[in-house]
Amino acid sequence: MVDLSITVAGLKLATPLMLASGTVGYGPEYDGLIDFTRVGAIVTKTVTPRPRAGNTPPRLAETRGGMLNSIGLENVGLDGFLSEKLAEAGRLPTLVIASVAGETPDEFASLCEAVGERGETAGLELNVSCPNVKRARRPLWADPDGVAAVVTAARRATDKPLFLKLSPNAADVRSVAEAGEAAGADALVVANTLPGMRIDVTTRAPMLGNRFGGLSGPALLPVNLALVWKLSDSVGIPIVGSGGIERTEDALEYMMAGASAFQVGTALFRSPSVVDQIVDGLAKHAVTDGINCLSGYTGAAKEVETPCQRTRAD
Amino acid sequence: MVDLSITVAGLKLATPLMLASGTVGYGPEYDGLIDFTRVGAIVTKTVTPRPRAGNTPPRLAETRGGMLNSIGLENVGLDGFLSEKLAEAGRLPTLVIASVAGETPDEFASLCEAVGERGETAGLELNVSCPNVKRARRPLWADPDGVAAVVTAARRATDKPLFLKLSPNAADVRSVAEAGEAAGADALVVANTLPGMRIDVTTRAPMLGNRFGGLSGPALLPVNLALVWKLSDSVGIPIVGSGGIERTEDALEYMMAGASAFQVGTALFRSPSVVDQIVDGLAKHAVTDGINCLSGYTGAAKEVETPCQRTRAD
Amino acid sequence: MLLTCRLLTQFETVEPGQFVHVDTGPERTFRRPFSVAGVTPAGEVELLIELRGGGTRALAELPVGASLTMMGPLGRGFTLVDARAAGAPSRAAESDPRAAGAAPRAAGAAPRAAVVAGGIGVAGVRLLAQRLFESGVDTSLFVGARTADALLDATLPEPDAVRVATDDGSRGFHGTVCDLFTAESVDLPGNTTVYGCGPRAMLDALAVVAGERGMACELSLEEMMACGVGACRGCVVSTVDGYRTVCKDGPVFNASVLVPEGSAMEVAGG
Amino acid sequence: MLLTCRLLTQFETVEPGQFVHVDTGPERTFRRPFSVAGVTPAGEVELLIELRGGGTRALAELPVGASLTMMGPLGRGFTLVDARAAGAPSRAAESDPRAAGAAPRAAGAAPRAAVVAGGIGVAGVRLLAQRLFESGVDTSLFVGARTADALLDATLPEPDAVRVATDDGSRGFHGTVCDLFTAESVDLPGNTTVYGCGPRAMLDALAVVAGERGMACELSLEEMMACGVGACRGCVVSTVDGYRTVCKDGPVFNASVLVPEGSAMEVAGG
Ligand SMILES: Cc1cc2nc3c(=O)[nH]c(=O)nc-3n(C[C@H](O)[C@H](O)[C@H](O)COP(=O)(O)OP(=O)(O)OC[C@H]3O[C@@H](n4cnc5c(N)ncnc54)[C@H](O)[C@@H]3O)c2cc1C
Ligand SMILES: Cc1cc2nc3c(=O)[nH]c(=O)nc-3n(C[C@H](O)[C@H](O)[C@H](O)COP(=O)(O)OP(=O)(O)OC[C@H]3O[C@@H](n4cnc5c(N)ncnc54)[C@H](O)[C@@H]3O)c2cc1C
Ligand SMILES: Cc1cc2nc3c(=O)[nH]c(=O)nc-3n(C[C@H](O)[C@H](O)[C@H](O)COP(=O)(O)O)c2cc1C
Ligand SMILES: Cc1cc2nc3c(=O)[nH]c(=O)nc-3n(C[C@H](O)[C@H](O)[C@H](O)COP(=O)(O)O)c2cc1C
Ligand code: FES
Ligand code: FES
């Protein structure tokens with residue numbers, strides 16, 4: 001039997017598979033559809049200080065190889081989260097990582113403090129790509145100093161592990177990652193969605209009520225995978241890969257590029273059974289490869305890098 | 001009969017469909033496979049001052065909804081282009097726009113001067129996403145000042161229309177676009193590929209010899225489309241859309257978002273007949289919509305923007 | 001197209017108006033929602049599907065005997081009026097506080113039902129109509145479509161009883177099904193419950209007519225869906241209580257809570 | 001799998017070693033290249049296909065009579081030795097300056113051929129072997145595979161004449177087809193032309209053996225392809241003259257111009 005557990009940022013996950021924020025609600029929505037004992041952790045829907053109604057619908061559009069969403073962080077707000085949702089999530093047989101987003105470092109700090117002191121909370125994910133944090137031309141997620149301030153504030157507010165979730169949409173995501181590490185993040189989640197849009201040519205209107213949405217799904221995989229590779233060279237903290245994972249091999253690509261764990265989001269929508277498929281597949285691969293600990297895959301593509309010597313026709 | 005011609009940056013194109021740099025070679029490679037009278041312009045493979053061997057193979061990888069390429073600007077160099085390729089391209093029944101890339105503004109200027117004075121050249125496309133222009137953390141395409149210097153130098157070197165081709169991989173692509181416009185670009189091409197990677201989990205090596213490549217194809221469409229929408233609000237010069245177009249409706253999305261013309265690249269690989277399909281489709285749409293000039297589609301989604309009033313079930 | 005699906009795991013119960021979420025193949029990121037249009041005596045699920053795009057075409061091209069993955073029954077269906085009771089739908093009136101104001105009780109006379117469907121909306125009310133007939137509720141059926149060819153009245157339990165409307169007048173009433181209902185429902189008592197399924201514009205119009213007549217009204221809505229289970233908040237519609245999900249809070253809503261589409265009314269915030 | 005395709009537009013001529021570029025459906029960005037493994041008397045094109053991934057599986061699942069889109073014949077095939085002439089392949093020696101040094105002429109004796117194929121590489125030499133037999137060239141055939149089950153010798157024109165090798169020794173020679181060729185070709189004259197198709201490592205080894213024996217050698221290579229017509233520069237391999245495209249300059253190359261894979265030799269630049 002292969003041990004599928006993995007330790008990230010001090011947390012022992014039953015498997016490296018986490019469920020991505022915003023795609024799994026607060027967890028119970030998928031009760032009976034997902035075997036949560038095979039899930040390393042769920043990341044709950046990003047919670048903000050006050051409840052948010054979210055963006056004008058339509059909020060979803062399909063794209064070839066992916067999808068756009070413009071949910072706009074609709075959530076119950078901190079009070080609702082603490083009084084109801086967190087406890088519900090905590091009853092599932094998996095770890096709970098609470099995703100939080102504020103508009104200022106102080107707001108991040110209060111969220112982390114309040115959520116972090118609860119027993120159900122195994123860790124916190126800092127969502128610095130909150131579309132609500134409007135800044136002139138340089139959004140928070142593209143600004144190393146802004147991100148550092150958020151992480152510093154969060155770090156003072158809680159001892160729980162901090163996962164910093166980056167946006168792939170920054171020319172200089174490396175500086176952001178390094179700033180986050182220096183400020184005390186325990187792990188990076190690489191990465192969130194890319195901004196995108198679709199137009200309905202019949203109605204001649206954007207398909208999303210908010211015009212723009214975040215691109216997720218397989219279309220995004222090569223972009224976020226490249227970031228994982230690059231960032232795992234620049235930072236010392238573990239990386240959690242995210243973006244377009246829908247098969248075991250996709251997850252292995254992220255691990256081989258340097259990720260210690262990974263998150264699945266969009267793929268849940270085609271089938272919640274993707275959890276079993278990926279975890280079963282990991283176990284099979286490990287057996288075939290004679291690996292008895294999945295961390296053996298982390299960064300494996302950096303060790304044996306001889307692309308030219310692939311033989312193709314045998 | 002619908003008039004499919006369109007005028008961009010002073011050039012009258014037979015149709016708004018252009019063929020994207022690097023995907024159509026110098027043109028003759030597709031002779032007999034494409035009816036070039038239906039192509040508004042071909043953009044020839046980016047030419048550099050000296051010949052380039054390009055990157056180590058493998059140079060291609062498939063991704064879901066797209067592909068990666070790491071050709072690395074393999075090209076015959078300026079002399080070979082002037083002495084042979086440009087004349088060949090010029091014999092095709094379509095306009096030729098020559099894509100050029102240098103490492104300094106001066107190199108861009110010499111390329112534009114030499115290529116621009118040739119009769120076959122209808123226009124020049126400035127490829128500022130040249131991966132060869134290595135800069136510390138801020139690549140040329142993300143730097144408004146760097147791009148402005150390139151466009152200024154090119155502008156002095158030729159009177160032919162200048163198309164500035166942007167990279168989608170900049171958090172602040174708007175400043176880059178505005179800088180390009182101010183420096184004298186006649187049109188923007190929005191946009192090039194996004195950096196991406198794939199790993200072969202069997203060999204545990206990156207699929208590309210160069211590790212990273214550019215993501216193109218339908219996966220990219222929503223990202224570049226969003227940029228076209230945003231940039232067409234900020235600049236006054238026409239925009240040529242590029243990224244993932246493989247059907248008439250994709251092209252219309254770009255036009256409705258604000259593009260005056262569009263480029264097709266990756267879709268040629270599945271079928272060169274995509275040119276006929278898209279152009280025939282445009283003619284049909286125009287007839288159905290009672291439009292007698294395709295420029296009527298440009299920006300159409302900005303006029304009638306009522307996403308909530310879509311009726312879906314009728 | 002009528003698709004009959006034998007299930008590996010039987011549904012325990014299906015409320016009319018509930019839907020199944022069907023995987024139509026790897027080319028499409030999302031599953032496709034379809035109302036449970038019927039349940040055969042053998043427990044097979046019947047779907048009534050209109051060809052729209054890639055997903056429905058893929059289903060149409062499936063050979064007989066092919067296997068499909070679906071999740072369901074999902075969402076909240078219609079509240080059936082009870083023929084024996086006097087008054088409005090029990091759940092709408094009693095168990096759902098949000099709907100309370102919207103279900104006026106007409107004491108005395110047995111409750112009646114009017115089912116109004118436009119286009120493929122017939123799929124969403126077919127099981128409902130069946131159940132209403134089975135339980136002996138006096139039910140009027142109204143079905144509309146663009147043209148005679150598109151009419152789906154024949155798929156309903158008592159096709160002869162259906163009153164039909166076509167936009168082009170090629171069969172039955174010349175006009176929308178809502179116009180037809182407006183014209184023919186003048187004699188219906190106030191304790192009639194109106195059930196609607198079809199294009200949103202038709203439903204919004206229907207809600208107005210039902211409201212004017214003091215009739216309870218339940219409408220089945222459509223929205224693009226991702227998760228189908230209330231997790232992603234992608235399929236919301238505006239209600240007087242803020243955004244509510246079509247997949248879990250709906251697809252059937254009491255008309256009184258819905259904010260008509262395109263109206264300037266603000267969302268309460270959640 | 002043998003796929004026989006009736007063409008709407010007949011190919012004028014096909015050189016053995018040329019390929020067709022096949023659209024395997026919208027899920028895959030690239031077409032898939034397959035050697036023309038045969039042409040029937042009726043002009044149908046035969047493809048010999050090994051199941052690998054999505055594209056080949058999609059082809060295998062096509063019902064008889066389905067239609068396919070393919071482009072071809074593409075690329076540059078093998079240069080046939082001429083049984084009547086004395087000497088090496090005519091084109092390689094005369095019309096292609098790059099190959100000139102590589103085709104030693106053995107005056108006098110009629111030229112011979114040795115065809116060496118590994119795995120699915122048989123597909124790439126099947127038409128070649130046919131043409132060689134037809135033109136009366138004395139030809140030795142060598143075919144290898146991992147196991148007896150995977151051997152494709154039976155698809156060749158004169159299967160009884162084929163010498164086979166298996167990696168596991170389950171049939172024929174125990175070892176690689178290159179080892180087999182090395183062992184059995186000692187008696188072949190120097191004016192034998194060696195034609196190879198198979199995994200790159202096998203071809204590189206074959207080139208060494210042919211070179212040692214002073215034999216002309218042509219090899220058919222594989223690379224991932226996008227355009228298939230020389231436009232994108234995606235499918236290049238290293239040659240002594242820099243990168244050359246497999247789709248247009250190849251897939252068949254004279255062994256003397258190829259830079260073995262993994263070798264430290266630098267690309268000349270182009
Ligand atoms: C609760 C519910 C029940 C439904 N029941 C039925 C039914 O019983 N029979 C039936 O034929 N259809 C039903 N629909 C609509 C059905 O889901 C869509 O027609 C189907 O998803 C279209 O898929 P497609 O891939 O063929 O078309 P696509 O190519 O995805 O789209 C074609 C057109 O349909 C619209 N569309 C796509 N998905 C949806 C959606 N989820 N809701 C509304 N519009 C959509 C698109 O905007 C587009 O204009 C129902 C929808 C919902 C939400
Ligand atoms: C000139 C040429 C002629 C060929 N002739 C034949 C033939 O006659 N019969 C035959 O069965 N195969 C032939 N091949 C190989 C064939 O193209 C691949 O097996 C096929 O593309 C695999 O597609 P897939 O979608 O099934 O597999 P994929 O899922 O795309 O890939 C499966 C595996 O095959 C490899 N592969 C994919 N495409 C290629 C390619 N173009 N070249 C080499 N390896 C590839 C991948 O790296 C991967 O490891 C030829 C290749 C070339 C370049
Ligand atoms: C419907 C939807 C809602 C999302 N909401 C959030 C969110 O609230 N917070 C967050 O950090 N990421 C959110 N994301 C991003 C995902 O967590 C994930 O990073 C992204 O979708 C890429 O992974 P995937 O391709 O596996 O979905 C959301 C994604 C989707 C599709
Ligand atoms: C194989 C390949 C080579 C390319 N080479 C160039 C190039 O030399 N110069 C350039 O500006 N863009 C190059 N591109 C980018 C395309 O011109 C185009 O902008 C991009 O592929 C997005 O469009 P598409 O999705 O239609 O392919 C290349 C793209 C591909 C796929
Ligand atoms: S589809 Fe996800 S909440 Fe309804
Ligand atoms: S595949 Fe494009 S050059 Fe060969």
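Parameters at a glance
Residues numbered from 1 in each chain as written. Chains lettered and ligands numbered in written order. Predicted model: local features only at pLDDT ≥ 70, side-chain atom pairs only at ≥ 80, totals over all residues. Heavy atoms only, no water. Helix = DSSP H or I, 4+ residues; strand = E, 2+ residues; numbered from the N terminus. Buried < 20%, exposed > 50% of the residue type's maximum accessible area, 1.4 Å probe, protein only. Contact = heavy atoms within 4.5 Å. Rg over C-alpha atoms; globule rule 2.2 N^0.38 Å. Near = heavy atom within 4 Å. Polar contact = N/O pair within 3.5 Å; in protein donor to acceptor, adjacent residues only side chain to side chain. Areas by Shrake-Rupley, 256 points an atom, 1.4 Å probe, with all protein chains shown as cover. Nonpolar A, V, L, I, M, F, W, Y, C, P; charged D, E, K, R; others polar. Least-squares fit on C-alpha atoms with pLDDT ≥ 70 in both. Salt bridge = Lys/Arg side-chain N within 4 Å of Asp/Glu carboxyl O. Pairing = 2+ DSSP bridges. Buried area = accessible area lost by both parts, 1.4 Å probe. Phe/Tyr/Trp six-rings, centres within 6.5 Å; stacked < 30°, edge-to-face > 60°. Lys NZ or Arg CZ within 6 Å of the ring centre and 35° of its normal. Axes fitted to C-alpha atoms, helices over the stretch in contact; angles between N-to-C directions. Parallel < 35°, antiparallel > 145°, perpendicular 65-115°, else oblique. Left-handed = near helix turned anticlockwise from the far one by under 90°. Expected span 1.5 Å × (residues − 1). Arc of directions from axis to C-beta. Core = buried A, V, L, I, M, F, W, Y, C linked by side-chain atoms within 4.5 Å. pLDDT = per-residue confidence, 0-100.

Per the secondary structure count, chain C includes 5 helices and 15 strands. Evaluated residue by residue, chain C yields a buried proportion of 54% over its 270 residues. By sequence separation, contacts in chain C at least 24 residues apart represent 61% of the contacts at least 6 residues apart.

What follows is about the overall build of chain A. From N to C terminus, chain A includes 9 helices and 16 strands. Since a compact globule built from 314 residues should have a radius of gyration of about 20 Å, the 19 Å found for chain A is in line with a globular shape. In terms of overall dimensions, chain A has C-alpha extents of about 55 × 50 × 40 Å along its principal axes. Going through the 314 residues of chain A one by one, you find that 67% of them count as buried. Long-range contacts, defined as pairs at least 24 residues apart, comprise 70% of the intrachain contacts of chain A with a sequence gap of at least 6.

On to the site of ligand 4. Residues and elements named next belong to chain B. Surrounding ligand 4, one finds 22 residues, the nearest of these being Ser21, Thr46, Lys165, Gly244 and Thr266. With respect to ligand 4, the side chain of Asn127 contributes an N or O atom lying 3.2 Å from an oxygen atom. Here an oxygen atom of ligand 4 sits 3.0 Å away from a polar atom, N or O, in the main chain of Gly265. Calculation on ligand 4 without its partners gives an accessible area of 600 Å², and the protein chains cover 98% of this total. The set of elements that each furnish at least two residues to the shell around ligand 4 consists of strand 4 (41-47) and strand 6 (66-69). Classifying every residue of the shell around ligand 4 by side-chain character gives 5 nonpolar, 15 polar and 2 charged.

Right, let's talk about the site of ligand 3 for a bit. All names here are of chain A. Around ligand 3 sit 23 residues, and of these Ser21, Thr46, Lys165, Gly244 and Thr266 come closest. In the model, an oxygen atom of ligand 3 is placed 3.2 Å from a nitrogen or oxygen of the Asn127 side chain. Interatomic distance of 3.0 Å between a backbone N/O atom of Gly265 and an oxygen atom of ligand 3. Protein burial of ligand 3: of its 600 Å² of free accessible surface, 98% is covered by the chains. Counting only elements with at least two residues in the shell around ligand 3, the list comes to strand 4 (41-47) and strand 6 (66-69). Across the shell around ligand 3, the residue classes tally to 6 nonpolar, 15 polar and 2 charged.

The next subject is the relation of the copies chain B and chain A. Overlaying chain B on chain A yields an RMSD of 0.0 Å, the required transformation being a rotation through 180 degrees with an accompanying axial translation of 0.0 Å. One copy is carried onto the other by what is essentially a two-fold rotation axis.

Attention now moves to the pattern of salt bridges. Enumeration according to the criterion identifies 43 salt bridges over all chains in this entry. Between Glu62(A) and Arg32(C) there is a salt bridge, with its nearest N and O atoms 2.8 Å apart. Taken together, the residues Glu62(A) in strand 5 (residues 60-63) and Arg32(C) in strand 3 (residues 32-35) connect one chain to another. As a salt-bridge pair, Arg155(B) and Asp186(B) come within 2.8 Å of each other at their nearest N and O atoms. Taken as a pair, Arg155(B) in helix 3 (residues 144-157) and Asp186(B) in the loop between helix 4 (173-182) and strand 10 (187-190) lie far apart in primary sequence, 31 residues in all.

So, about the pairing of strand 4 of chain B. Residue and element names in this part refer to chain B. Burial analysis of strand 4 places 7 of its 7 residues in the buried class, the great majority of the element. In terms of strand pairing, strand 4 meets strand 7 (residues 95-100) through 5 bridges, oriented parallel. Each bridged residue has a counterpart across the sheet, and for Ala41 the counterpart in strand 7 is Leu95.

Moving on, we get to the interface of chain B and chain A. Chain B puts 65 residues into the contact, and the matching count from chain A is 65 residues. A combined buried area of about 5,300 Å² lies between chain B and chain A, and 61% of that area is made up of carbon and sulfur atoms. Taken together, the links from chain B to chain A amount to 8 salt bridges. Note that Arg64(A) is salt-bridged to Asp250(B), the shortest N-O span being 2.5 Å.

Turning to the packing of aromatic side chains, a few remarks are in order. Scanning the entire structure with this criterion turns up 6 aromatic pairs over all chains. Between Phe142(C) and Phe181(C), the aromatic rings sit 5.4 Å apart at their centres with planes inclined by 90 degrees, giving edge-to-face as the arrangement. Of the two residues, Phe142(C) sits in strand 8 (residues 138-145) while Phe181(C) sits in helix 4 (residues 177-184), which places them 39 residues apart along the sequence. For Phe142(C), a relative accessible area of 1% gives the class buried. Here the basic side chain of Arg59(B) rests over the ring of Tyr243(D), its NZ or CZ set 4.7 Å away from the ring centre. The aromatic ring of Phe212(A) is capped on one face by Lys230(B), whose charged end is 4.7 Å from the ring centroid.

A few words on the packing of helix 4 (residues 177-184) of chain D against helix 5 (residues 200-212) of chain D. All names here are of chain D. Interaxial distance between helix 4 and helix 5 falls to 9 Å at its minimum, and their mutual angle equals 15 degrees. Overall, the two elements helix 4 and helix 5 adopt an arrangement that is roughly parallel. In terms of crossing hand, the pair formed by helix 4 and helix 5 is right-handed. Across from Val177, Cys178, Phe181 and Thr182 in helix 4, the residues of helix 5 making contact are Met202, Ala205, Leu206 and Val209. Looking at the contact of helix 4 with helix 5 residue by residue, the classes come out as 7 nonpolar, 1 polar and no charged.

The next subject is helix 8 (residues 274-289) of chain A. All names here are of chain A. Given a rise of 1.5 Å per residue, 16 residues ought to cover 22 Å, and the 22 Å separating the end C-alpha atoms of helix 8 matches this to within 8%. Those residues of helix 8 that sit buried are Val274, Val275, Ile278, Val279, Gly281, Leu282 and Ala286. For helix 8, the buried positions fall inside an angular range of 160 degrees around the axis, keeping them on one side. Facing away from the buried side of helix 8 by more than 90 degrees, the exposed set consists of Lys284, Val287 and Thr288. The inward-facing, buried residues of helix 8 contact strand 3 (17-19), helix 6 (248-256), strand 16 (261-264) and helix 7 (267-270). Gly290, located one to two residues past helix 8, shows a positive phi value of around 60 degrees.

Before going further, it helps to spend a moment on the packing of helix 3 of chain B against helix 4 of chain B. Residues and elements named next belong to chain B. Viewed as axis vectors pointing N to C, helix 3 and helix 4 meet at an angle of 25 degrees, and their least axial separation amounts to 8 Å. By the angle class used here, helix 3 and helix 4 are roughly parallel. Relative to helix 4, helix 3 is oriented so that their crossing is right-handed. Residues Pro144, Val147, Ala148 and Val151 of helix 3 touch helix 4, and the partners they reach there are Ser175, Val176, Ala179 and Gly180. In the contact of helix 3 with helix 4, the residues fall into 6 nonpolar, 2 polar and no charged.

This brings us to the nonpolar core. It is characteristic of soluble globular proteins that their nonpolar side chains tend to be buried jointly. Leu19(B), Tyr30(B) and Phe181(D) are the most contacted members of the largest nonpolar core, which has 145 residues in total. With residues near it in sequence (within four places) discarded, Tyr30(B) still touches Thr23(B), Val24(B), Phe36(B), Leu268(B), Phe269(B), Pro272(B), Cys227(D), Val229(D) and Ala231(D). Listed in part, the 144 residues of the second largest apolar core include Leu227(A), Ala286(A), Ala231(C) and Val246(C).

Residue and element names in this part refer to chain B. Spatial ordering of the closed barrel is given by 3-4-7-8-9-10-15-16, a layout of 8 strands whose pairing is parallel. Here the average twist between neighbouring strands, direction ignored, is 25 degrees. As paired strands, strand 7 and strand 8 (residues 121-127) are joined by 5 bridges and run parallel to one another. Opposite Ala98, over in strand 8, you have Leu124 as the bridge partner. Against the sheet, helix 1 (residues 77-90) makes contact with strand 4, strand 7 and strand 8, and its axis sits at roughly 165 degrees relative to strand 4, the strand it touches most.

Attention shifts here to the sheet that holds strand 11 (residues 194-196) of chain B. One open sheet holds the 4 strands; their spatial order is 5-6-14-11 (chain B), and the pairing between them is antiparallel. The open sheet is flanked by strand 5 (60-63) and strand 11 of chain B, the only strands paired with a single partner. Sheet twist, expressed as the mean angle between neighbouring strand axes with direction ignored, is 35 degrees. Across the sheet, helix 5 (residues 221-234) of chain A touches strand 5, strand 6, strand 11 and strand 14 (213-216) of chain B, and the angle it forms with strand 11 of chain B is around 60 degrees.

As a further point, take the side chain of Glu107(A). Residues and elements named next belong to chain A. Looking at the secondary structure, you find Glu107 in helix 2 (residues 105-116). Glu107 sits in the buried class, given a relative accessible area of 18%. Side-chain polar atoms of Glu107 contact the backbone nitrogen of Glu103, separated by 2.8 Å. Leave out the neighbours within four places in its chain, and Glu107 touches Pro49, Arg50 and Gly102.

The subject of this paragraph is the confidence of the model for chain C. Residue and element names in this part refer to chain C. Mean pLDDT over chain C: 87, with 88% of residues reaching 70 or higher. Between the elements of chain C, mean pLDDT differs from a low of 44, seen in helix 2 (residues 90-95), to a high of 98, seen in strand 15 (residues 252-254). Confidence over residues 90-106 falls short of pLDDT 50; this stretch has 34 contacts with residues more than four positions distant or in other chains. Ignoring residues within four places in sequence, the model shows residues 266-270, a span with pLDDT below 50, making 12 contacts including any to other chains.

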